[in-house]
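Listed below, chain by chain, are the residues.
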Amino acid sequence: MSNIYTEVAEKAGMKLSFDPAALLEKYNFERDKRLREDGRGQYREIAGQFAHFIEDPYVEPITREPLLDEVEVIVIGGGFGGLLAGAKLREAGVKSLRMIEKGGDFGGTWYWNRYPGAQCDIEAYVYLPLLEELNYVPRERYSHAPEIMAHTQAIGRKYNLYDDVCFQTEVTGMQWDEKESKWIITTDRGDRMKARFVAMSNGPLNKPKLPAMTGIENFKGHTFHTSRWDYDYTGGTCEGNLTGLKDKRVAIIGTGATAVQCIPHLGEWSKELFVFQRTPSSVDVRKNAPTNPEWQKKLQPGWHQKRIENFNNMMSGGPSEKDDVSDGWTDIFRDITNQEKMNPAKVLSKEEKKVLAELADFKKMEEIRTRAASIVKDQATAEALKPYYRQFCKRPTFHDEYLFTYNRPNVHLVDTRGKGVDRITENGVVFDGREYEVDCIIFATGFEVGTAYTSKSGYDIVGRGDVRLSQKWADGLRTFHGFFSNGFPNCFFMGMTQTGLTANMTHMLSEQANHVAYVISHAKSSNIRAVEATVEAEEAWVKDIYRLALLGEAYYASCTPGYYNNEGKPGSANNGFLSGQYGGGPVEFFKILKDWREEGALRGLEVS
Ligand code: NDP
């Protein structure tokens, strides 16, 4: 039957091996059955009787005297964002610098996430920052967590960031002192430090969450969240060898990007493994490989930044003649987002080009579904593992063992058909009236999503005139270029605050770190005490964000629920993970920043 899909496909010369209208209907059906009134309310904050889920299992707690001193710059967060800010500030000559980090070492997400199989799915040669500065080439194409964490520590050493860092320290408050034009920062260790400038990179997904289902507290067996893996219980390391599970029945709840990486290890070692799935992930091929020494020998100075930019260009729809990375990520973007550019404007209208991109998305997801069917032997299990939604509704994943794990006789997929687990009992997990008795429940249920800088992160920021950031941002973020907010002088937000998001997070953080270091060194050399976004500059940026962000809203409204679309309730530029980002894309965003720095006038900032 002819419809807009078949018409566009015919015009573009695309042969269809599937029925797009039927698929769309299936996608809508799958989305609708997952939509729920409580949205984000289905999760509970980990606190009170659940606080043990977020205790640090990796270090012994330290004691130290409170710090009541002053430094020039404080950087909050010791993950890649904070480390890059620290490195760039050191390069800019800042000596009086202190880092504050909740964990017991540098690493951020890679400090916390040490589950078996933890690996970065962005190519290591573009993901790991400062490679040439550290004279390092990653050992394999997709680094595993220990190598990444070691790299964060190497950055800490190279830029002397270990010299003044407070680990195991959580910021509890931040107040602007108008008289002195300085920030006063308090922590859970009784510190009261002053700083002229504060850069914050708290991470977008830094707080684990649990489903708000009943019974978790009654479970008599062992339980933990993937971001606090208990190797004392499971045995083994991040590389596997979970010998402690040989005689254990294990349940894992969740099948997102984390679960996809640890399930193969759980399947290999557990006596029995029950995987409780609500929505399947899209799992494409990984094809990891050790670094080729011949390739490494040929690398010329400047190779790293060039490759990072090439990747970013490919992911943003070109233009780029050569796809240097050429992997699953660039493949998706080339085939889906780039369809528009690949097809001459003369042939297709703007609307038709959108339809063509949708067709390419269907095609890619058909490949993913076919892959599941060709690997998983049990047909019902294979069917349940097929994702029916558009590629970017959820984080795409890549793994060469995950699907094969379901062919093991000890591994059972409990597909909850979009509903989720009903409850937990003393003995195990209940779904559909059946109790699955287990010795251990592992929560792979992800992280809280929200702005990391409001009270949710554990502290509020009190700016000029005692205005709280949580009040100011109650109805949505308000920034200039993502970094500055009027009323909060000398305070730099890093991360996903109305900035140009890219899948390669460290690239984004590195560009942001350059910007922070530029403004601080400019202020220092010009004897500027305070810089602050003007009301007008902020207003204009927020308008741009809303105008451009709205372009993606229809897409996310059509998606199956998840944290990308605020659990099925998109629509505000504040409440989703991806909403509120600069819609012009990272290439354009980085250029805006570069041009602004080159102009040298701090346009949009009030200085005093
Ligand atoms: P996610 O939020 O992606 O996944 C949570 C999982 O828990 C989902 O499968 C969700 O189902 C499921 N879930 C929630 N509640 C229930 C319930 N009541 N019953 C059954 N299942 C439930 O968290 P992850 O930790 O997997 O990933 C978080 C992010 O971390 C990723 O999206 C990615 O950005 C990042 N990451 C990156 C990696 C990398 O390689 N760079 C590797 C790993 C993670 P549903 O989908 O239905 O909501």
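Residues numbered from 1 in each chain as written. Predicted model: local features only at pLDDT ≥ 70, side-chain atom pairs only at ≥ 80, totals over all residues. Heavy atoms only, no water.

Student: How should I be thinking about the domain arrangement of the protein chain in this particular structure?
Tutor: Note on interface size: it is often stated as the accessible area lost on association of the parts. Each assigned domain of the protein chain is listed with its residue range as follows: domain 1 (70-205 + 449-530 + 584-602) and domain 2 (209-282 + 396-443). With eleven residues of domain 1 in contact, the opposing surface of domain 2 contributes 15 residues. Of the roughly 1,200 Å² buried between domain 1 and domain 2 on both sides combined, carbon and sulfur atoms contribute 56%. Of all residues in domain 1, W112, Y115 and P116 bury the most surface against domain 2, accounting for 52% of the area lost on that side. (Domains from an automatic or database assignment. Contact = heavy atoms within 4.5 Å. Buried area = accessible area lost by both parts, 1.4 Å probe.)

Student: It is not clear to me how the packing of aromatic side chains should be interpreted in this structure. Could you clarify?
Tutor: Any pair of aromatic rings gets described here by the distance separating the centres and the angle formed by the planes. What the rule picks out here adds up to 33 aromatic pairs. Relative to Y388, the ring of Y27 lies with its centre 6.5 Å away and its plane at 65 degrees, an arrangement referred to as edge-to-face. With Y27 in helix α2 (residues 20-34) and Y388 in the loop between α14 (379-384) and β13 (397-398), this pair connects stretches of sequence that are 361 residues apart. Residue Y27 shares its accessibility class with Y388, and that shared class is buried. (Phe/Tyr/Trp six-rings, centres within 6.5 Å; stacked < 30°, edge-to-face > 60°. Helix = DSSP H or I, 4+ residues; strand = E, 2+ residues; numbered from the N terminus. Buried < 20%, exposed > 50% of the residue type's maximum accessible area, 1.4 Å probe, protein only.)

Student: It is not clear to me how the site of the ligand should be interpreted in this structure. Could you clarify?
Tutor: Near the ligand, the surroundings consist of 26 residues, among which D121, T258, T279, K394 and Y563 are the closest. Between the ligand and D121, the relevant distance is 2.7 Å, taken from an oxygen atom to a main-chain nitrogen or oxygen of the residue. Contacts to the ligand include R278, whose side-chain N or O atom sits 2.8 Å from an oxygen atom. Protein chains bury 89% of the 920 Å² of accessible surface belonging to the ligand in isolation. Top element by residues in the shell around the ligand is helix α8 (residues 257-269). It accounts for three residues. Considering only residue class, the shell around the ligand consists of twelve nonpolar, ten polar and four charged. Residue-level mapping places the shell around the ligand at the junction of two domains, with at least three residues from each of domain 1 (70-205 + 449-530 + 584-602) and domain 2 (209-282 + 396-443). (Near = heavy atom within 4 Å. Polar contact = N/O pair within 3.5 Å; in protein donor to acceptor, adjacent residues only side chain to side chain. Areas by Shrake-Rupley, 256 points an atom, 1.4 Å probe, with all protein chains shown as cover. Nonpolar A, V, L, I, M, F, W, Y, C, P; charged D, E, K, R; others polar.)

Student: Quick question: what am I supposed to make of the sheet that holds strand β10 (residues 249-253) here?
Tutor: For sheets, the rule is that strands pair by backbone hydrogen bonds, running either parallel or antiparallel. Pairing is parallel in the open sheet, where five strands are placed in the order β9-β18-β10-β11-β14. Sheet topology places β9 (222-225) and β14 (411-415) at the edges, where each strand pairs with a single neighbour. The mean angle between the axes of side-by-side strands here comes to 15 degrees, regardless of whether they run parallel or antiparallel. For strand β11 (residues 272-277) and β14, the ladder comprises five bridges, and the chain directions are parallel. Across the sheet, F276 pairs through a bridge with V414, a residue of β14. (Pairing = 2+ DSSP bridges. Axes fitted to C-alpha atoms, helices over the stretch in contact; angles between N-to-C directions.)

Student: Just to check I follow, could you spell out the layout of surface pockets for this structure?
Tutor: Unfilled space is identified by rolling a water-sized probe across the atoms. By volume, the second largest pocket amounts to about 450 Å³. Forming the boundary of the second largest pocket are 21 residues, of which P57, Y58, R228, W229 and D230 lie nearest the centre. Elements represented by at least two residues in the lining of the second largest pocket include exactly α6 (145-158), β9 and α7 (231-234). Tallied by class, the residues present in the lining of the second largest pocket amount to eleven nonpolar, four polar and six charged. Shared between two domains, the lining of the second largest pocket holds at least three residues of each, these being domain 1 (70-205 + 449-530 + 584-602) and domain 2 (209-282 + 396-443). (1 Å grid on protein atoms, 1.4 Å probe; cavity = no way out; pocket = protein on both sides within 12 Å on 5 of 7 lines; lining within 4 Å. Points joined across faces, edges and corners; volume = space filled by probe spheres on them.)

Student: Any chance you could explain the pattern of salt bridges here in plain terms?
Tutor: Taken as a whole and judged by the stated rule, the model has 42 salt bridges. The shortest N-O distance in the salt bridge between K11 and E352 comes to 2.9 Å. Taken together, the residues span a long stretch of sequence, with K11 in helix α1 (residues 4-12) and E352 in helix α13 (residues 350-375) at a distance of 341 residues. Judged by its relative accessible area of 46%, K11 falls in the partly exposed class. Under the relative-accessibility criterion, E352 is labelled buried at 16%. Members of the salt-bridge network, linked through shared partners, are K26, E30, K33 and R34. (Salt bridge = Lys/Arg side-chain N within 4 Å of Asp/Glu carboxyl O.)

Student: Quick question: what am I supposed to make of the state of the cysteines here?
Tutor: Under the criterion given, the structure shown has one disulfide. The side chain of C393 participates in a disulfide bridge whose partner is C559; the two sulfur atoms lie 2.0 Å from each other. Sign of the S-S torsion, about -75 degrees for the bond between C393 and C559, identifies this disulfide as left-handed. Linking C393 in the loop between α14 and β13 with C559 in the loop between α19 (553-557) and α20 (586-599), this pair joins segments that are 166 residues apart in sequence. Taking the relative accessible area as the measure of exposure, C393 reaches 3% and is therefore buried. Judged by relative accessible area, C559 falls into the buried class, the value being 1%. Of all cysteine sulfurs, the one in C238 lies closest to C120, which takes part in no disulfide; the gap is 13 Å. In this structure C120 comes out as buried when scored by relative accessible area, which is 6%. In this structure C262 is not part of a disulfide, and its nearest cysteine sulfur, from C238, lies 10 Å away. (Disulfide = S-S within 2.5 Å.)

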